[in-house]
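# A structural walkthrough
Here is how the chains run, residue by residue.
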Amino acid sequence: MYAMSKYLALQGKEDDPALEGFYRDIVTSNGAHRTTSAGRLQPVDAAFFEVFGPPLDRKARVLDGGISSGVTTAEWMDGFAARGIGLDMIATDRCLSLERVRLAPGIDGYVEPGTRHLVQIETPLGGVRTSSRRRDLLTGSVLWRKPLVWSMRGLLAGARPSARTRVTFVSPGLRDREGLSLVEHDILDGLPAPANSLDAIRLANVMQESYFDPAQMRAIARGIRDACKADGGIVVLCRNRAAAIDATLLRMRADRSFESVRTLGEGSEAARYLLEG
């Protein structure tokens, strides 16, 4: 597995094809994979810029929620820059940082802060995936992977504070970006922005009924409605299919109701929670 220290040392645009497998092997404490692919949202971004009317007297205020690795967030920011649109962006996810913990000489564990959840173990030979897969039974790696993870968790419990270092866990294309604020945040707690402030909100593969029950979907919709700017704010909702991506783009009217302005594929099932008022 691609070593975390190697990933954290990368700079600039991602161009290593091995990174897609690296992201796929990262599993967070809520069971979500860090899976991401460059260019995945290009059709959605193209549709967005066709309907987005940027403010003329200030930078656009934008939020990208549930960014995962942030690869597509960097691409969205590049789209604003290519069109000469100034930008203040908030990028959110539950986990945008990790703790690097020295567990033993030459062995580091990468842990979600505030938990004992190891996302990778790194040895002198490289990174070790901590999640299990069916193929582990076929390869026999199940015989050593689980015992290794259990033993490393035991060492983690006794690690001193001085053995822990916080690291930012996002795409190298996002690190040190001007005009970007990275915020660790749970989308069920609303959006981390003032009321009536955001010119655009994008939730790509986040607001889905397979992840949240109807009450939670309505709570997320309230957060969007509160933060979106009236009379022109754009909301982008996406969901993945195996061979395509579906999306609905909505515009907020002056009375704070929403209208659908563009649909890609089958659209997003989450759009109705905003359209129903």
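A brief structural summary. All values derive from a computational prediction rather than experimental measurement.

### Digging into the packing of aromatic side chains
A full pass over the atoms with the stated rule returns twelve aromatic pairs. Aromatic pair F49 and F80: ring centres 5.0 Å apart, planes at 75°, arrangement edge-to-face. Note that F49 is positioned in helix α3 (residues 42-51) and F80 in helix α4 (residues 71-82), a separation of 31 residues in sequence. When sorted by exposure, F49 lands in the same class as F80, which is buried. Among the aromatic residues, those joined into a cluster by ring pairs are Y2, Y7, F22, Y23 and F169. Lying across the ring of Y7, R175 places its NZ or CZ 5.0 Å from the centre.

### Details of the nonpolar core
The biggest cluster of nonpolar side chains holds 31 residues, and the ones touching the most others in it are F48 and F80. Those elements that provide at least two residues to this core are α3, β1 (60-65), α4, β2 (87-93), β9 (200-204), β10 (234-240) and β11 (245-252). When residues in this core are grouped by element, the largest group, five residues, is from α3. Sequence-distant contacts of F48, defined by excluding residues within four places in its chain, comprise W76, F80, A200, I234, V236 and L249.

### Re α4
Compared with the 16 Å implied by 1.5 Å per residue over twelve residues, the 17 Å span of α4 between its first and last C-alpha is a close match. Among the residues of α4, those classed as buried are V71, T72, T73, A74, W76, M77, G79 and F80. In this fold, the buried residues of α4 make contact with α2 (18-24), α3, β1, β2, β8 (180-184) and β9. Just downstream of α4 lies G84, where phi reads positive at about 70°.

### A few points about unusual backbone geometry
With phi around 60°, N205 is a residue other than glycine that occupies positive phi space. Considering the arrangement of structural elements, one finds N205 in the loop between β9 and α7 (214-227). We note that R256 has phi near 75°; this positive angle belongs to a residue other than glycine. Along the chain, R256 turns up in the loop between β11 and β12 (258-264). Under the relative-accessibility criterion, R256 is labelled partly exposed at 25%.

### Remarks on the pairing of strand β3 (residues 97-104)
Here is the key point about a regular strand: its side chains alternate between the two faces of the sheet. As judged from the five bridges shared by β3 and strand β7 (residues 164-168), these two strands associate in the antiparallel manner. Bridged to L98 within β7 is V167. Taken together, the five bridges between β3 and strand β4 (residues 107-111) define a ladder with antiparallel strand orientation. Residue pairing for β4: E99 is matched across the bridge by V111. Turn length for the β3-β4 hairpin, with the two strands adjacent in sequence and antiparallel, is two residues, and the turn residue G106 shows positive phi of about 80°.

What counts and how
- Residues numbered from 1 in each chain as written.
- Predicted model: local features only at pLDDT ≥ 70, side-chain atom pairs only at ≥ 80, totals over all residues.
- Heavy atoms only, no water.
- Phe/Tyr/Trp six-rings, centres within 6.5 Å; stacked < 30°, edge-to-face > 60°.
- Helix = DSSP H or I, 4+ residues; strand = E, 2+ residues; numbered from the N terminus.
- Buried < 20%, exposed > 50% of the residue type's maximum accessible area, 1.4 Å probe, protein only.
- Lys NZ or Arg CZ within 6 Å of the ring centre and 35° of its normal.
- Core = buried A, V, L, I, M, F, W, Y, C linked by side-chain atoms within 4.5 Å.
- Contact = heavy atoms within 4.5 Å.
- Expected span 1.5 Å × (residues − 1).
- Pairing = 2+ DSSP bridges.

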